[in-house]
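The primary structure of each chain is shown beneath.
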Amino acid sequence: MRTPGRSWRAAVSTFTILPARGPEAIGPDLARRIALWLPAVGCLLAVPAAGIVLGVEAGGGSVPRRLLGATLAIAALGVLTGALHLDGLADTADGLGSRKPAGHALDVMRRSDTGPMGVAALVLTLLVQVTALAALAPAWLAAAALVTAAITSRVAVLLATGAPAARNEGFGALRAGTAGPATRWLAGALLLAAAGTAGAAAGGLALAIRGLATVACGLAAAAALRWLACRRLGGMTGDVYGALIELSTATVLLVAALS
């Protein structure tokens, strides 16, 4: 049955640990419809994480409390996704950092162990995410940045589905080509329009420009990783998509903090 409810449950059960009673198997048609739900899944994940930031800082906006709130919020995102994207980040860093030909790099990414490049990528990315989020004040601005980062990173995945798959099997192959050019352009335009409109409503022109800059930089970082994966690996894999989400999230939060 091709119903929005079925594809939504499939998206939630695939990308989160939430009990959504998704299908046991995902075919190409269902994968295409799941991809369209990714921004909404990002929003679903960001709402409780943003609530943690607001809840912790409700007791005071001191630096230690901001760090605590940011740490718990980023941890919540990791738990709710089953650390799926963090695992992809580590595997991608190991594969790209191996400096081996595409076939050997893909073999490195398949291994269950995590190498030094993967560990370094995990630690540094999580440090950037936590400290950048903690640097944002007041609390409502940090919460808004976290929601923006979660949605932007999923839109970046949608945009990356135009790239070829590095393998003929796996989740990367299922995602390749799931969104056409018109859908990808529309998703990017709607995201930028929403960021600019929300920023203008909340803080005028300056915040609108700040919101547009964070989104644009998050999408640009994801595009750079996509280009590197296509150049070094011959295309995208499920691990690269996960790394793309974590890198884009970190970039959005970093630019929001620095701007």
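Here, every reference points to the structure presented above.
Parameters at a glance
- Residues numbered from 1 in each chain as written.
- Predicted model: local features only at pLDDT ≥ 70, side-chain atom pairs only at ≥ 80, totals over all residues.
- Heavy atoms only, no water.
- Helix = DSSP H or I, 4+ residues; strand = E, 2+ residues; numbered from the N terminus.
- Rg over C-alpha atoms; globule rule 2.2 N^0.38 Å.
- Buried < 20%, exposed > 50% of the residue type's maximum accessible area, 1.4 Å probe, protein only.
- Contact = heavy atoms within 4.5 Å.
- Areas by Shrake-Rupley, 256 points an atom, 1.4 Å probe, with all protein chains shown as cover.
- Axes fitted to C-alpha atoms, helices over the stretch in contact; angles between N-to-C directions.
- Parallel < 35°, antiparallel > 145°, perpendicular 65-115°, else oblique.
- Left-handed = near helix turned anticlockwise from the far one by under 90°.
- Nonpolar A, V, L, I, M, F, W, Y, C, P; charged D, E, K, R; others polar.
- Salt bridge = Lys/Arg side-chain N within 4 Å of Asp/Glu carboxyl O.
- Patch = residues over 30% accessible without salt bridge, like charges linked within 9 Å, V, L, I, M, F, W, Y side chains within 5 Å.
- Core = buried A, V, L, I, M, F, W, Y, C linked by side-chain atoms within 4.5 Å.

Draft legend 1. Layout of the overall build of the chain. Within the chain, the secondary structure is distributed over 11 helices and 0 strands. Starting at the N terminus and ending at the C terminus, the chain contains elements arranged as α-α-α-α-α-α-α-α-α-α-α. In terms of C-alpha radius of gyration, the chain reaches 18 Å, essentially the compact-globule figure of 18 Å for 259 residues. Expressed along its principal axes, the backbone C-alpha trace of the chain runs to roughly 50 × 45 × 35 Å. Residues counted as buried form 46% of the 259 residues belonging to the chain. For the chain, long-range pairs separated by at least 24 residues make up 75% of all intrachain contacts whose partners lie at least 6 apart in sequence. Accessible area of the chain: about 11,700 Å², with a carbon and sulfur share of 68%.

Draft legend 2. Inspection of the packing of helix α3 (residues 38-57) against helix α4 (residues 63-80) at higher detail. Orientation of α3 relative to α4, taken along the N-to-C sense of each, is 160 degrees, at an axis distance of 8 Å. On the basis of their axis angle, the class for α3 and α4 is roughly antiparallel. Crossing angle aside, the handedness with which α3 passes α4 is right-handed. Touching L45, A46, P48, A49, I52, V53, V56 and E57 of α3 are R65, R66, L68, G69, L72, A73, A76, L77 and L80, all from α4. Within the contact of α3 with α4, the residues separate by chemical class into 13 nonpolar, 1 polar and 3 charged.

Draft legend 3. Region of interest: the pattern of salt bridges. Here the structure, examined in full by the defined rule, presents 1 salt bridge. Here D107 makes a salt bridge to R110, at a shortest N to O gap of 2.7 Å. Linking D107 with R110, this pair stays in helix α6 (residues 102-110), spanning 3 residues, or about one helical turn. The partly exposed category is assigned to R110, whose relative accessible area is 46%.

Draft legend 4. Looking closely at the environment of D239. Along the chain, D239 turns up in helix α11 (residues 238-258). On a C-alpha basis, the gap between D239 and T197 in space is 33 Å, while along the polypeptide they are 42 residues apart. Setting aside residues up to four positions removed in sequence, D239 forms contacts with D87, G88, L89, D91, T92 and M109.

Draft legend 5. Spotlight on a nonpolar patch on the surface. A contiguous nonpolar surface patch, about 320 Å² in accessible area, is contributed by I17, L18, L44 and V79. Checked against the element boundaries, V79 lands in helix α4. For V79, a relative accessible area of 53% puts it in the exposed group.

Draft legend 6. Molecular detail of the nonpolar core. In this structure, L133, L146, L233, M236, L244 and L253 are the most contacted members of the largest nonpolar core, which totals 57 residues. Here L244 is in contact with S153, A156, V157, A160, A222, L225 and M236, once residues within four sequence places are set aside.

Draft legend 7. Broad picture of the side chain of T251. With respect to the secondary-structure elements, T251 resides in helix α11. Not counting chain neighbours up to four residues away, the residues in contact with T251 comprise C217, G218 and A221.

Draft legend 8. Summary view of unusual backbone geometry. At the junction of A137 and P138, the peptide bond is cis and its omega measures out at 5 degrees in the coordinates. Relative to the elements of secondary structure, P138 occurs in the loop between α7 (116-134) and α8 (139-160). Of note, the phi angle at A83 is positive, near 55 degrees, even though the residue is not glycine. For A83, a relative accessible area of 32% translates into the label partly exposed.

Draft legend 9. Region of interest: the side chain of S7. Counting through the fold element by element, S7 comes out in helix α1 (residues 4-15). A relative accessible area of 3% places S7 in the buried class.

Draft legend 10. Broad picture of the environment of G55. For G55, the position within the fold is in helix α3. When its relative accessible area of 46% is taken as the criterion, G55 is described as partly exposed. Placed 14 residues apart in sequence, G55 and G69 show a C-alpha to C-alpha distance of 8.0 Å.

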